[in-house]
Amino acid sequence: MSQYKALFLSESREYLRSIAEQVVALEQSPAERGAIDALFRGAHSLKGMAASMEYGDVVVVAHSMEDLMARVRDGALPFGAGVADLLLEGVDLIDALLKDVEEERPSSVPTDGYPARLAAYVPPPEKKAKKTDEAPEVSSPAAEPAPAVESAQAAESVPTPSAETERAKESAPELGGTVRVKTELLDHLINLTGELVTNKQRLLSIGRDLASPALNDAVSETSKLLRALHDEVMKVRLMPFEAISDRFQRSVRAVAKKSGKEIHFELTGREIGLDRGVLEQLVDPLNHILRNAVDHGIEDGEERERAGKPARGLVKLSVSRDRDRIHITVRDDGRGMEPQAMIDAAVRKGLITPEEGELLSPRQALMLSCIPGFSTAKEVTDISGRGVGMDAVNAAIAKLGGTLGIESEPGQGTVITLKLPLTIAIIHALLVQCGPIKTAIPVNAVQRTVELSRRQIETVGKRQMFQLDDESIPLLSLNRVLGLPLGRFPDGILPLFVTEAKGRRVGMVVDRLLGQHELFVKRLGRPLDGVTGLAGGATLGDGEIVTILDISELL
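All values reported here derive from a predicted model rather than from experimental measurement.

## Examining the overall build of the protein chain
A tally of regular secondary structure across the protein chain gives 21 helices and 18 strands. Buried positions account for 47% of the 555 residues belonging to the protein chain. For the protein chain, the proportion of contacts with a sequence separation of at least 24, taken over those separated by at least 6, is 69%. Element-wise, carbon and sulfur atoms account for 53% of the exposed surface of the protein chain, whose accessible area totals about 27,800 Å².

In structure tokens form, the structure reads like this:
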């Protein structure tokens, strides 16, 4: 059966994700009959698949979950927090068992006590009364048939493996002509496409040198076909956001339960596709933002009612796509953040001077939460209850070529928006010359390019600044940051690009701006992968190798 193991693991984890999502959804709407039936079918199908593969421990756990849901489905047991806890515990248990299967080792997770606890579970009296009031069709005598239901389910648990495979097919989702492809093959396709992009740049360079119209036309047409190929390959590599969404639902639920708060969690855009490489690195940052929203942003019930709000707080996670950019928004209706209080706290901690604080806009003040050392638990509680570890979140998003923005209104809530590239394999980058080297900055990190006259530069304290969009922007030299000789500008014109670091716009002066290029990003090997501020490397059309900078990390 080993040839089917990979397929079994993949499909089993899909069922686990679906079960976890259904459990959390049912807590919001316990009487939703469709969700109850779907949850039962999911546990039943998972049991059947494990039985056909002869993974006995998985069968035992899935069967006990199926029995519990049969009691709910047949009206013998109301669906409440206790049932949800037991089912989610089963999801974690099966996930651990699947890891043992994947690594071909004997089961290391004890399962003996779990089925017995599910079979003996009786909801607390007060919760049972509450559910009975809400769902009068569930009558008290309905608890008596439970043993018969369980025995019937037990009798059903030992069919032949062929019968259980058949049953799994009946309830499995329709594949609709899709096929499963190993991620290694997708990565290989991306690499080949990237190499073609590099070769296209080489052909463009040769075409310019030869001044051949026929060659230029052929290369132009090849570029269009290559762009279409790249777009199609990226579609294959995309994964729906729902591949990770169940973790966020459970995280919000766990924090709300621990803090004793009522939270209504909404998730929209779960069908939006993201590059697998981006998706995998979003889990920790988003988990952190959501946990902060529940634990610190949302007030407790009494405080909310005093403020004229409903006792139940709202946390909403939404995902949308705007051409080649993904927008992820976390919104809460909590206590919000006060910009001036953020500035005062940063000044007290010595992170900025009072003069710098006066120059900050409200938006920049909110981004102070992303400065390391600012977001201590005490300061966050005193100011707005927000920001612990936001520096790490901002750094992780910047590493993906994205940006983080914070908007807030005191007493009304906070909105955190992440803007991310659809892919991190092939990027558009701004090439710049710094001393003897060329380097590249992803255009996602570049807000604007500017040629600045020395007359436009003013000195504030020890810093050089210039005005842009009615905002004072500090100037830095990228040469100095990289440890290179400073450039000379005999004509008095300084080329620079405007970027953002820790929520503050900064002008980075370079020797020359060399224009935009499409680059295939390659990871740097040791020891360069440990150098701060290097996001990868790329080869230009003429064969020259350039490094790609992570400006946020570099600064």
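## Here we look at the side chain of Asn 287
With respect to the helices and strands, the residue Asn 287 is situated in helix H13 (residues 283-297). Assessed through its relative accessible area of 16%, Asn 287 is described here as buried. Those residues in contact with Asn 287 that sit more than four places away from it in its chain are Arg 247, Phe 248 and Ser 251.

## Topic: the pairing of strand S17 (residues 534-539)
Summarising the sheet, S17 and strand S18 (residues 545-549) pair through 5 bridges and their orientation is antiparallel. Following the sheet pairing, Ala 538 is matched in S18 by Val 546. Between S17 and S18, which pair antiparallel in sequence order, lie 5 residues; one of them, Gly 543, sits at a positive phi of approximately 95°.

## Quick notes on the packing of aromatic side chains
Scanning all chains against the criterion turns up 2 aromatic pairs. Look at Phe 8 and Tyr 55: their rings are 5.1 Å apart centre to centre, the planes differ by 45°, and that puts the pair in the tilted class. A residue pair is termed long-range when its members are at least 10 positions apart, and Phe 8 in helix H1 (residues 5-28) and Tyr 55 in the loop between helix H2 (33-53) and helix H3 (56-73) qualify at 47 residues. Directly above the ring of Phe 40 sits Arg 73, whose terminal nitrogen or CZ lies 4.0 Å from the centroid.

## Considering the pattern of salt bridges
In total, this model carries 27 salt bridges according to the counting rule given. Its salt-bridge partner being Glu 27, residue Arg 253 comes within 2.3 Å of it at the nearest N-O pair. In this pair, Arg 253 sits in helix H11 (residues 242-259) while Glu 27 sits in helix H1, placing the two residues 226 residues apart along the sequence. Here Asp 74 makes a salt bridge to Arg 73, at a shortest N to O gap of 3.4 Å. Assessed through its relative accessible area of 40%, Asp 74 is described here as partly exposed. Given the relative accessible area of 24%, Arg 73 is considered partly exposed. Among the charged side chains, a salt-bridge network with shared partners connects Glu 27, Asp 85, Arg 253 and Lys 257.

## Re the sheet that holds strand S15 (residues 504-509)
Here 6 strands make up an open sheet; going across it, the order is S10-S14-S15-S13-S12-S11 and the pairing mixed. If you trace the sheet from one side to the other, it starts and ends with strand S10 (448-453) and strand S11 (458-460), each paired once. Adjacent strand axes in the sheet meet at a mean angle of 45° when their direction is disregarded. Looking at chain direction, S11 and strand S12 (residues 463-468) are connected through 3 bridges and run antiparallel. Opposite Val 460, over in S12, you have Arg 463 as the bridge partner.

## Points about helix H15 (residues 339-348)
Those residues of H15 lying buried are Pro 339, Met 342, Ile 343, Ala 345 and Ala 346. Down the axis of H15, the buried side of the element spans an arc of 165°, and every buried residue falls inside it. A positive phi of about 75° marks Gly 350, the residue just after H15.

## Thoughts on the environment of Gly 492
Structurally, Gly 492 can be placed in the loop between helix H20 (478-481) and strand S14 (493-501). Each C-alpha atom, one on Gly 492 and one on Leu 452, is 8.3 Å from the other, the two residues being 40 residues apart in sequence.

## Here we look at the nonpolar core
Formed by 51 residues in total, the largest nonpolar core has its most connected members in Phe 241, Leu 274, Leu 282, Leu 286, Leu 317, Ile 328 and Leu 404. Here Phe 241 is in contact with Phe 248, Leu 267, Gly 269, Arg 270, Ile 272, Leu 274, Leu 279, Leu 286, Leu 317, Val 319 and Ile 328, once residues within four sequence places are set aside. Counting 45 residues, the second-largest nonpolar core is a separate cluster that includes Tyr 15, Ala 20, Ala 35 and Leu 118.

## Some words on the sheet that holds S17
In sheet architecture, strand pairing relies on hydrogen bonds along the backbone and comes in two forms, parallel and antiparallel. The strand order across the open sheet formed by 5 strands is S16-S8-S9-S18-S17, and the pairing between neighbours is mixed. Looking along the sheet, the strands with just one partner apiece sit at the ends: strand S16 (512-520) and S17. On average, each strand axis in the sheet is tilted by 35° relative to the strand beside it, whichever way the strands run.

## Points about the packing of H1 against H2
Orientation of H1 relative to H2, taken along the N-to-C sense of each, is 160°, at an axis distance of 9 Å. As the angle between them shows, H1 and H2 are arranged roughly antiparallel. The hand of the H1/H2 crossing is left-handed. Touching Lys 5, Phe 8, Glu 11, Ser 12, Tyr 15, Leu 16, Ile 19, Gln 22, Val 23 and Leu 26 of H1 are Ala 35, Ile 36, Ala 38, Leu 39, Gly 42, Ala 43, Ser 45, Leu 46, Met 49, Ala 50 and Met 53, all from H2. Residues that form the contact of H1 with H2 fall into these classes: 15 nonpolar, 4 polar and 2 charged.

## A closer look at the confidence of the model for the protein chain
In this model, the protein chain carries a mean pLDDT of 80, and residues with pLDDT of at least 70 account for 86%. In this model residues 127-164 is a low-confidence stretch, pLDDT under 50, and it forms 39 contacts with partners more than four residues away in sequence or in other chains. Segment residues 376-388: pLDDT under 50, and 40 contacts once partners within four positions in sequence are set aside and those in other chains are kept.

## Quick look at a negative patch on the surface
Together, Glu 262, Asp 300, Glu 302 and Glu 305 line one region of the surface with negative charge. Assignment of secondary structure puts Glu 305 in helix H14 (residues 301-306).

## A few points about the pairing of S12
Hairpin connection, S11 to S12: the antiparallel pair is bridged by 2 residues, and Gly 461 has positive phi, about 65°. Note that S12 and strand S13 (residues 471-477) share 4 bridges and pair antiparallel. Note that in S13 the partner of Met 465 across the bridge is Pro 474. Between S12 and S13, which pair antiparallel one after the other, the connecting turn spans 2 residues, and Asp 469 there sits at a positive phi close to 55°.

About the criteria used
Residues numbered from 1 in each chain as written. Predicted model: local features only at pLDDT ≥ 70, side-chain atom pairs only at ≥ 80, totals over all residues. Heavy atoms only, no water. Helix = DSSP H or I, 4+ residues; strand = E, 2+ residues; numbered from the N terminus. Buried < 20%, exposed > 50% of the residue type's maximum accessible area, 1.4 Å probe, protein only. Contact = heavy atoms within 4.5 Å. Areas by Shrake-Rupley, 256 points an atom, 1.4 Å probe, with all protein chains shown as cover. Pairing = 2+ DSSP bridges. Phe/Tyr/Trp six-rings, centres within 6.5 Å; stacked < 30°, edge-to-face > 60°. Lys NZ or Arg CZ within 6 Å of the ring centre and 35° of its normal. Salt bridge = Lys/Arg side-chain N within 4 Å of Asp/Glu carboxyl O. Axes fitted to C-alpha atoms, helices over the stretch in contact; angles between N-to-C directions. Arc of directions from axis to C-beta. Core = buried A, V, L, I, M, F, W, Y, C linked by side-chain atoms within 4.5 Å. Parallel < 35°, antiparallel > 145°, perpendicular 65-115°, else oblique. Left-handed = near helix turned anticlockwise from the far one by under 90°. Nonpolar A, V, L, I, M, F, W, Y, C, P; charged D, E, K, R; others polar. pLDDT = per-residue confidence, 0-100. Patch = residues over 30% accessible without salt bridge, like charges linked within 9 Å, V, L, I, M, F, W, Y side chains within 5 Å. Lys, Arg positive; Asp, Glu negative; His and termini not counted. Charge placed at Lys NZ, Arg CZ, Asp CG, Glu CD.

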